[in-house]
Amino acid sequence: MKTLSLILGASLLFSTFASAETNLPDRQTELPAHAKAASTEYLVPRDLATIPNTEFGNKVKQGYSLFVNSQTMRGQYVGNEQNCANCHMQAGMKANSAPLWGAFMAYPAYRKKNDKVNTYAERIQGCFKYSMNGVAPAVDSPELVALTAYSYWLAMGGLLDKYDMQSTQIPEMSDAVVQLGGKADSFVLPETIAAALPIEQRNKLAGRGYPKLAKSAQTPSIERGEIVYKQTCSTCHGDSGQGLKQDGVQSFPPLWGKGSFNWGAGMHRVNTAAFFIYENMPLGKSIQLSNQQAWDVAAFMNSHERPQDPRFTGDLKANQEQYHNHQGYYGKTVNGKVVGENAFPAEAVD
Amino acid sequence: MPMKNIFRSIIGLSALLLVQAPAFSATPPAAMVCESCHGTAGLGTPNLAPMLAGMDKDYLVEQINHFKNGNRKNPSMTSMVMTLATPESVQQVAAFFASLPAPTISNIEKRGDNVIITDPARKLVYQGDWTRNIPACATCHGPSGLGVAHFPRLASQHADYISNQLTAWQNKKRTGDKNNVMATIAQQLTASEIQHLAQYFAAIK
């Protein structure tokens, strides 16, 4: 435990320089996939209308707005047509849609791979770099403070209510506390909650991440996936994955192409996309895809070109070997073309 | 830079021409009969017929076909679409109504603009209700319900029409929407929510 806090302290010190880092760490590492939990176990954040009118409350509100309409950061931190809420449904509140409350309680997270502790704010920086194909705001920027404060507010409200403390106000925390995350030694929880939720349990809240989907009977097929796409998805995501845009507003997100997430984002993995799609798509869930359809359409979606992996330095094979040891098409040949060779530019910010 | 400006003014000019075009194009003969209910400007009349002006052309074509094939049932419209005998005439009237200007809206509201929303109908519009799997209406119908491609505009549509449609989906009198997307959502709404949502969208001016 001592060493962890030491590493933690050190990483906090260094995190200020994170944006100057040239060698990008693999921050979109796959979350441990888990089976879907019974719905009664999920945290339910408090009603947004209860966010107080205080300095802290205003950060929480700003975090919500940035998360739902991230295009207000376009050109500065966001380089594509995505909003955070496109992949984290219900403004990051929905269980099984990588909810922010599940994430907040899981950081700081020690990662064996690079022997580094990622703070919660650093995890969010990863989503800017990859999912938003942009440039991460600094840990102490108003944007990251707002997004971390919003996540904390969702988590703490959900926890207080779950443990029958409905009338307890959500304690207001300093920027430093919310940047770190709810799994820090120093993070203060009411006694009953702390007892029920020891540190090593906090990264396992029911409903965190996207639930694991059993492997399909047949190997995922791009060809079958194309049929699913045309039947079920193209009315909303466009004939060529470009989404739907009206009067400059991208209401339906692109799934590939230059306006989409890049080759470093978690959603480019076929398994992660299959988990997400099975659980959350088509929007409104008027129909449920079969397990096989979800895997097939995930394969189809992720066999198309998208913005380059920002860790790419000119050698596709080397990048693939270092960062793409998972289920995806980057570096592989599809229809006679090596995927990733014709990628769109990464970090398309002005 | 100057090149860009020239480019911009060309775009501006052609946009101007586009906007003006409908003013010069006369009502196609097939659409004459429609105007008695939907109005010469396509703005419809409360308790008589919905606004069609500025709606997406493909959406209008699809709906006319729904009346033809019985997916939508309405005595006036079922007989009216009989006057459109050929696919060409359907295309023609749809293109005509799509080209008419819809009322412009000031202060467009996007999802995320407001956090604290106390009015329950407005909350459904911008935040949805995920305990019932209802995404925010604005996700599919666009900022302020202005419509997104073939997802129809709801802003400034007549309230009676909006509530009739949502009720029609509940009673299975309107079908044909792809994968029952809208039917599924409508089925979740209460009668009072339907009234308030209809008034909310009708009042967007």
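Residues numbered from 1 in each chain as written. Chains lettered and ligands numbered in written order. Predicted model: local features only at pLDDT ≥ 70, side-chain atom pairs only at ≥ 80, totals over all residues. Heavy atoms only, no water.

Colleague: Looking at this structure, I do not really get the packing of helix α9 (residues 159-170) of chain B against helix α11 (residues 191-202) of chain B. What am I missing?
Modeller: A pair of packed helices is characterised by two quantities: the angle between their axes and the separation of those axes. Residue and element names in this part refer to chain B. It is the contact of α9 with α11, at a shortest axis distance of 8 Å, that shows an interaxial angle of 140°. The chirality of how α9 crosses α11 is right-handed. Where α9 abuts α11, its residues Ala-159, Ile-162, Ser-163, Leu-166, Thr-167 and Gln-170 lie against Ile-194, Gln-195, Ala-198, Gln-199, Phe-201 and Ala-202. (Axes fitted to C-alpha atoms, helices over the stretch in contact; angles between N-to-C directions. Helix = DSSP H or I, 4+ residues; strand = E, 2+ residues; numbered from the N terminus. Left-handed = near helix turned anticlockwise from the far one by under 90°. Contact = heavy atoms within 4.5 Å.)

Colleague: Before we go on, may I ask you to explain the environment of Pro-120 of chain B in this structure?
Modeller: Summarising the element assignment, Pro-120 of chain B is placed in helix α7 (residues 120-126). In this structure, the C-alpha to C-alpha distance between Pro-120 of chain B and Glu-193 of chain B, residues 73 residues apart in sequence, is 7.9 Å.

Colleague: Where do I start with the nonpolar core in this structure?
Modeller: What tends to happen in soluble globular proteins is that the nonpolar side chains get buried as a cluster. Residue and element names in this part refer to chain A. Of all hydrophobic cores here, the largest spans 58 residues; its most connected members are Met-105, Phe-128, Tyr-150, Tyr-152 and Phe-187. When contributions to this core are tallied by element, the ones reaching two or more residues are α2 (55-68), α4 (100-104), α5 (120-129), α6 (142-162) and α7 (175-180). The biggest single contributor to this core is α6, with 12 residues. Setting aside its immediate chain neighbours within four residues, Met-105 contacts Ala-155, Leu-159, Gly-182, Lys-183, Phe-187, Leu-189, Leu-197, Arg-202, Asn-203 and Leu-205. Counting 43 residues, the second largest nonpolar core, distinct from the first, contains Tyr-210, Leu-213, Leu-255 and Phe-275. (Core = buried A, V, L, I, M, F, W, Y, C linked by side-chain atoms within 4.5 Å. Buried < 20%, exposed > 50% of the residue type's maximum accessible area, 1.4 Å probe, protein only.)

Colleague: In this structure, what is going on with the packing of aromatic side chains? I would like to understand it.
Modeller: For any pair of aromatic rings, the description rests on two quantities: the centre-to-centre distance and the angle between the ring planes. Residue and element names in this part refer to chain A. Applying the stated criterion to the full structure yields 19 aromatic pairs over all chains. Their ring planes at 90° and their centres at 6.1 Å tell us that Phe-275 and Trp-295 sit as a pair that is edge-to-face. On the criterion of sequence distance, the pair formed by Phe-275 in helix α10 (residues 270-280) and Trp-295 in helix α11 (residues 291-301) is long-range, its members being 20 residues apart. The pair Phe-275 / Trp-295 is uniform in exposure class, with both members buried. One aromatic cluster is present, formed by Phe-56, Phe-104, Tyr-107, Tyr-120, Tyr-152 and Phe-187 through successive ring pairs. The side chain of Arg-306 reaches across the aromatic face of Phe-261, ending 3.8 Å from its centre. (Phe/Tyr/Trp six-rings, centres within 6.5 Å; stacked < 30°, edge-to-face > 60°. Lys NZ or Arg CZ within 6 Å of the ring centre and 35° of its normal.)

Colleague: How should I be thinking about helix α4 (residues 57-69) of chain B in this particular structure?
Modeller: Because an α-helix completes one turn every 3.6 residues, residues spaced three or four positions apart along the sequence face the same direction. Residues and elements named next belong to chain B. Look at α4: 19 Å from first C-alpha to last across 13 residues, which is about the 18 Å you get at 1.5 Å a residue. Among all positions of α4, only Tyr-59, Leu-60, Val-61, Gln-63, Ile-64, His-66 and Phe-67 are buried. Of the surrounding secondary structure, the elements contacted by the buried residues of α4 are α5 (75-80) and α6 (87-99). For α4, the N-terminal cap is Asp-56; the gap from its side-chain oxygen to the backbone nitrogen of Asp-58 is 3.3 Å. Residue Gly-70 follows α4 closely and has a positive phi angle near 90°. (Expected span 1.5 Å × (residues − 1). Polar contact = N/O pair within 3.5 Å; in protein donor to acceptor, adjacent residues only side chain to side chain.)

Colleague: What should I look at first to understand the interface of chain B and chain A in this one?
Modeller: Interface extent is often summarised as the accessible area lost during association of the parts. In this complex, chain B contributes 27 residues to the contact, which on the side of chain A involves 28 residues. Summing both sides of the interface, chain B and chain A together bury roughly 2400 Å²; the carbon and sulfur share of this comes to 64%. The tally of links between chain B and chain A comes to 1 salt bridge. Ionic pairing is found between Lys-123 of chain B and Asp-47 of chain A, a salt bridge with its closest N-O pair at 3.1 Å. The interface formed by chain B and chain A holds 7 residue pairs in polar contact (both at pLDDT 80 or more) in total. Contributions of two or more residues to the side of chain B that touches chain A are made by α7, α8 (137-141) and α10 (181-188) of chain B. In the side of chain B that touches chain A, the residues fall into 11 nonpolar, 11 polar and 5 charged. (Buried area = accessible area lost by both parts, 1.4 Å probe. Salt bridge = Lys/Arg side-chain N within 4 Å of Asp/Glu carboxyl O. Nonpolar A, V, L, I, M, F, W, Y, C, P; charged D, E, K, R; others polar.)

Colleague: When you look at the pairing of strand β4 (residues 249-252) of chain A in this model, what are you seeing that I'm missing?
Modeller: Moving residue by residue along a regular strand, the side chains alternate between the two faces of the sheet. Bridging between strand β3 (residues 244-246) of chain A and β4 of chain A involves 3 bridges; their strand directions are antiparallel. Residue pairing in the sheet places Lys-245 of chain A in a bridge with Gln-250 of chain A of β4 of chain A. (Pairing = 2+ DSSP bridges.)

Colleague: Just checking my understanding: could you explain the domain arrangement of chain A for this structure?
Modeller: Residue and element names in this part refer to chain A. Partitioning chain A into structural domains gives domain 1 (2-204) and domain 2 (222-338). Distance between the C-alpha centres of domain 1 and domain 2: 25 Å. In total, about 1900 Å² of surface goes out of reach between domain 1 and domain 2, with carbon and sulfur atoms giving 48% of it. Of all residues in domain 1, Glu-30, Glu-81 and Tyr-130 give up the largest surface area on contact with domain 2, accounting jointly for 30% of the area buried on that side. The interface formed by domain 1 and domain 2 includes 1 salt bridge. Here Lys-245 and Glu-81 are joined by a salt bridge, their closest N and O atoms 2.8 Å apart. Here the side of domain 1 that touches domain 2 is built from residues that sort into 6 nonpolar, 10 polar and 6 charged. (Domains from an automatic or database assignment.)

Colleague: Looking at this structure, I do not really get empty space enclosed by the protein. What am I missing?
Modeller: Remark: the empty space left among the atoms is shown by a probe the size of a water molecule rolled over them. Residues and elements named next belong to chain A. Under the criterion given, the structure shown has 2 cavities of 30 Å³ or more. When its volume is computed, the largest cavity comes out at roughly 640 Å³. Along its surface, the largest cavity is lined by 34 residues, and His-88, Ala-98, Arg-123, Cys-127 and Tyr-210 are the ones closest to its centre. Every element with two or more residues in the lining of the largest cavity is listed here: α4, α5 and α10. When residues in the lining of the largest cavity are grouped by element, the largest group, 5 residues, is from α5. Residues that form the lining of the largest cavity fall into these classes: 20 nonpolar, 10 polar and 4 charged. Mapping the lining of the largest cavity onto the domain boundaries places at least three of its residues in each of domain 1 (2-204) and domain 2 (222-338). (1 Å grid on protein atoms, 1.4 Å probe; cavity = no way out; pocket = protein on both sides within 12 Å on 5 of 7 lines; lining within 4 Å. Points joined across faces, edges and corners; volume = space filled by probe spheres on them.)

Colleague: Please clarify how the side chain of His-66 of chain B should be interpreted in this entry.
Modeller: All names here are of chain B. Mapped onto the elements of the fold, His-66 is located in helix α4. Within the structure, His-66 has its side chain in polar contact with the backbone oxygen of Gly-176 (distance 3.4 Å). Not counting residues within four places of it along the chain, the set of residues in contact with His-66 comprises Asn-71, Arg-72, Thr-175 and Gly-176.

Colleague: Please clarify how the pattern of salt bridges should be interpreted in this entry.
Modeller: Where charged atoms from two side chains of opposite charge come close, those side chains can pair. Tallied over the full model, the rule gives 12 salt bridges over all chains. For Arg-74 of chain A, the salt bridge identified is with Glu-81 of chain A, shortest N-O distance 3.3 Å. On the basis of relative accessibility, which here comes to 39%, the residue Arg-74 of chain A falls in the partly exposed class. We note a salt bridge from Arg-132 of chain B to Asp-129 of chain B, for which the minimum N-O separation is 2.9 Å. Looking at Arg-132 of chain B, the relative accessible area reads 21%, which means it is partly exposed.

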